[in-house]
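Report on the structure
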Amino acid sequence: MSGRGGAGESPARTSTGDGPAAPDTAAPGTPEAEGDRHGATANAADAPGGSEAEDGTTPGTAKPEDGTTPGGSEAADGTPGGSEAADGAAPGTAGAEDGTAPGGSEAADGTPGGSEAADGTAPGTAGAEGATGSDEAAQPALSEAEAELAAQKIERERIARRKAERQGPVDAGAKLSGKAADLLAAVRAVESGEKPSPVYFDEAPTSPRKPATAPAAPPAPARPAPAAPSAAGIEDVRAVLARGGAPEALAGPAATALGEGAAEQLAHDPWRLLAVAGVRPTQADGFARALLGAEAGPGDERRATALVGWLLEQAALKGHTALDAPTLESALTQYGVPDPAESLEQAIGEGAVLVFHEPLGPPVAEGEEQPVRVLVGLEGYALAEESLADGLARLANTFNDPADWEKAASGAGPGADLVRAVSGHGLVTHTGGEAARAEPLALLTAARDLGLRVCLAAHAPAPGAVTVAGLLSGTQGPGRDADGQFAVDLLVVLDAPQLDVETAAALVESVPDGARLVLSGDPGVLGSAGPGRVFGDVLAARACPQLVSRTPDPGPIGELVSGIGIGELNQVDAPGKEVVIVPVRDAGEAVHRTVQLVAESVPRAFGIPADSVQVITPGHGGSAGTRALNAALKERLNPGPGRFGGFDPGDRVVHVPSPGRAEPGRVVSADAQGLHLDAAGARIVVPKEQVDSQVRHGWAVTAHQAVGARWPAVVVVLPGDAAQALSRDWVYSAFGRAERHLSVVHGVDQALPRAVAEVLPKPRTTRLTGLLRALVAAAQDQPE
């Protein structure tokens, strides 16, 4: 899986000698590391947002690793949250390392959640931490995120109306009709195949995302903001929490999450507390015991239903939009639920979750039973995935304006094939590396010359492009017509792998009938921070023309990254020191050498100013994570007292207005309104109560934060304790951010080539591929 155009053949060559920082350079994977072994997951323990290392897009505060608070440590037994007590009252004890968000630095234990404190008495102090942010979120504040979410709410309502118009059961991957008992029969049919049970969710645990103090704090950018609770409602919830021994600071988040009647809901069903981000099952169990006494048993129907929803939310943090029913049953067993199958049936019968079936293999002859895969999911993600499939099929099937663009194609250079494909189709995918981005640009030029209304959107700010978030919010781009559709004839979306399912659904629903949509990106990079695998699913469904770029990324960096894409970490010729390896023995040396590279070596050797050198590291925590590196880089490049909540004028920062978005900027000033930032020439004011959750220093970032952007020079830091965080897509993404120079501060020994060769991206369970295939088949069966 190269994704780098025609660079699939990456000949091995000998690396050149020294680099700007040290004469003792070597090929990646050769130096021996003796760094401190906190482990990659320990490194990620204090990742922002509670979803620990990699997506790192919602800055938070460090949390203890004792498993007693949300986002704490996890067990290494291969179960969701670790193995728990059989009585289910206080599941589990604190285990080994913590987990991460999708695609991040993760432990190898296998599942969502993570183990918790053995006492299970009440939600811990970290929950209170998260509550403060959500209390602040309830306060009215004008921000870019608020404007975006308001616009997206309108789109979600329109999507819901469209879905309501659909009548009858939907084939192939849609909701089952009939009674909930049908699920049990289907599950048993799958289980009777004597296949081994799948691992829970994937091969790594995760911790819940800490709620940001942004106006909404949804798990994905396109989810609308909940209504702010009333003061009286919060007080009523606070009283119930006090009776159960839970932190009163959770009152605001609980009232927001549960909506009207939150206090009554909690009093009747204490496990509803799991709807609050950061609260763990053992903490909800303790709260329930305090309120209900002996009545709060492990087999309580209310407990099982709440656990089903919580497990699916944990899976969404890893990118899944649904889960196999047997997998979910196995996870419920690990949380002490006596009869998981019956509990799952009950949750479906109550409408807490939805059940779907997807055919396995080709269609069978009439009279034979079609093997199916039974999936369970939350309504919001199911609605988004079905709406997205409908929207993509609509664009592919309503396009009826093919044009003769041969003359335009002849002048489009490498983009000629893409121009020809788009001239005759409403939906086209385009894959390639960084150099291949020139092909969509050539397409836009050709379409503009033909008088079409065009728009280019990207995940991160890019020359000539609006951001996807800005396009959806209406703050950027062509605006909308009277029907709420984008005023475009051609929309090209770069960085398509960064689209989560909710954002993609809102985007596609806004493209008018008859318009052309091109999804372009590099399938080798890290996936979206939110749930879904949109670009990969569209490619797998083969529901539209797919153009693969033949334009290789140039130079030694392009050769190196192309090899990584197919699982080979090659030595490359770098006569101009384009690629330099800097061996280090421990994390302390890694920090020292990084500062030296950014402040001295790279500017001196290449004439690239320090402000144009970006540091990328696997996690936020640990002795060489973004926190430690940013502190050291600030001390060297822009020392100051941090008088604006830890920031000074001139500090490089990353602004995170909503989960999944990380926009680079620079601090200008601060006043009573908040922190003033300059982001690519645009002025942004972050309210002072949101600074802690939305702004972090930006000299060093994670690879997830860096995807979609490039810098003249990049320093990738791989301390010894980051070995478990590495995967092929992480290395591919981090190394590919460099344009002219790449320095690798290398302390992971053979873990780097092993990760490139063996550690593939984590799989995500989604339904979009099946939905698209079913729609394509239905369209083909219709008479012309």
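This section reports on the structure supplied with the text. (Residues numbered from 1 in each chain as written. Predicted model: local features only at pLDDT ≥ 70, side-chain atom pairs only at ≥ 80, totals over all residues. Heavy atoms only, no water.)

Another point: the sheet that holds strand β16 (residues 695–697). Pairing in this open sheet of 5 strands is antiparallel, and the strands run β15-β14-β13-β12-β16 from one edge to the other. Strands at the two margins of the open sheet, each flanked by one partner only, are β15 (682–686) and β16. On average, each strand axis in the sheet is tilted by 45° relative to the strand beside it, whichever way the strands run. Bridge count between strand β12 (residues 652–655) and β16: 3 bridges; the pairing is antiparallel. Paired with V654 across the bridge in β16 is R696. (Pairing = 2+ DSSP bridges. Helix = DSSP H or I, 4+ residues; strand = E, 2+ residues; numbered from the N terminus. Axes fitted to C-alpha atoms, helices over the stretch in contact; angles between N-to-C directions.)

Attention shifts here to the sheet that holds strand β11 (residues 613–616). The strand order β10-β19-β18-β11-β17 describes an open sheet built from 5 strands, whose pairing is parallel. Of all the strands in the sheet, just β10 (579–583) and β17 (700–701) have a single pairing partner and so form its edges. Here strand β18 (residues 711–718) runs beside strand β19 (residues 738–746); their pairing, made up of 7 bridges, is parallel. Looking at the pairing, V715 lines up with S743 of β19. Each of β10, β11, β18 and β19 touches helix α20 (residues 587–606); the most contacted strand, β19, lies at about 150° to it. The sheet contacts of helix α24 (residues 728–735) involve β11, β18 and β19, and relative to β18 the element is tilted by about 145°. (Contact = heavy atoms within 4.5 Å.)

Turning next to α20. Of all the bends in α20, the greatest, near 50°, is centred on L597. Every buried residue of α20 is listed here: A587, E589, A590, V591, R593, T594, V595, L597, V598, S601, V602 and F606. Structurally, α20 contributes buried residues whose contacts are with β10, β11, α21 (626–637), β18 and β19. Taking the backbone nitrogen of G588 as reference, a side-chain oxygen 3.2 Å away marks D586 as the first, capping residue of α20. G607 sits one or two positions beyond α20 and adopts a positive phi of about 70°. (Bend = angle between axes of the 7 residues up to and from the residue. Buried < 20%, exposed > 50% of the residue type's maximum accessible area, 1.4 Å probe, protein only. Polar contact = N/O pair within 3.5 Å; in protein donor to acceptor, adjacent residues only side chain to side chain.)

As a packed pair, helix α10 (residues 325–334) and helix α11 (residues 340–349) sit with axes 9 Å apart at the nearest point and diverge in direction by 115°. If you check the angle between α10 and α11, you find them roughly perpendicular. Judged by the sense of rotation from one axis to the other, the crossing of α10 with α11 is right-handed. Contacts from A325, L328, E329, L332 and T333 of α10 reach α11 at P340, A341 and L344. Among the residues making up the contact of α10 with α11, the classes are represented as 6 nonpolar, 1 polar and 1 charged. (Parallel < 35°, antiparallel > 145°, perpendicular 65-115°, else oblique. Left-handed = near helix turned anticlockwise from the far one by under 90°. Nonpolar A, V, L, I, M, F, W, Y, C, P; charged D, E, K, R; others polar.)

This paragraph deals with the nonpolar core. Grouped together as the largest cluster of nonpolar side chains are 49 residues, with contacts concentrated most on V237, L241 and L266. Mapped onto this core, the elements with two or more residues apiece are α5 (231–243), α6 (251–258), α7 (262–268), α8 (281–292), α9 (301–317), α10, α11 and β3 (372–377). For this core, the element with the most residues is α9, which contributes 9 residues. If we ignore the near neighbours within four places in the chain, the residues touching L266 are V237, V240, L241, A254, L258, R272, L273, F287 and L291. (Core = buried A, V, L, I, M, F, W, Y, C linked by side-chain atoms within 4.5 Å.)

Here we come to empty space enclosed by the protein. Tallied over the entire structure, the rule returns 4 cavities of 30 Å³ or more. Size it by volume and the second largest cavity reaches roughly 160 Å³. Listed by contribution, the elements that provide at least two residues to the lining of the second largest cavity are β4 (427–431) and β8 (516–521). A breakdown of the residues in the lining of the second largest cavity according to their chemical character gives 5 nonpolar, 8 polar and 5 charged. (1 Å grid on protein atoms, 1.4 Å probe; cavity = no way out; pocket = protein on both sides within 12 Å on 5 of 7 lines; lining within 4 Å. Points joined across faces, edges and corners; volume = space filled by probe spheres on them.)

Their axes nearest at 10 Å, the elements α20 and α21 cross at an angle of 40°. One finds that α20 runs oblique with respect to α21. The two elements α20 and α21 cross, and the hand of that crossing is right-handed. Touching V591, T594, V595, V598, A599 and E600 of α20 are L629, A632, L633, R636 and L637, all from α21. Residue composition of the contact of α20 with α21, grouped by class: 8 nonpolar, 1 polar and 2 charged.

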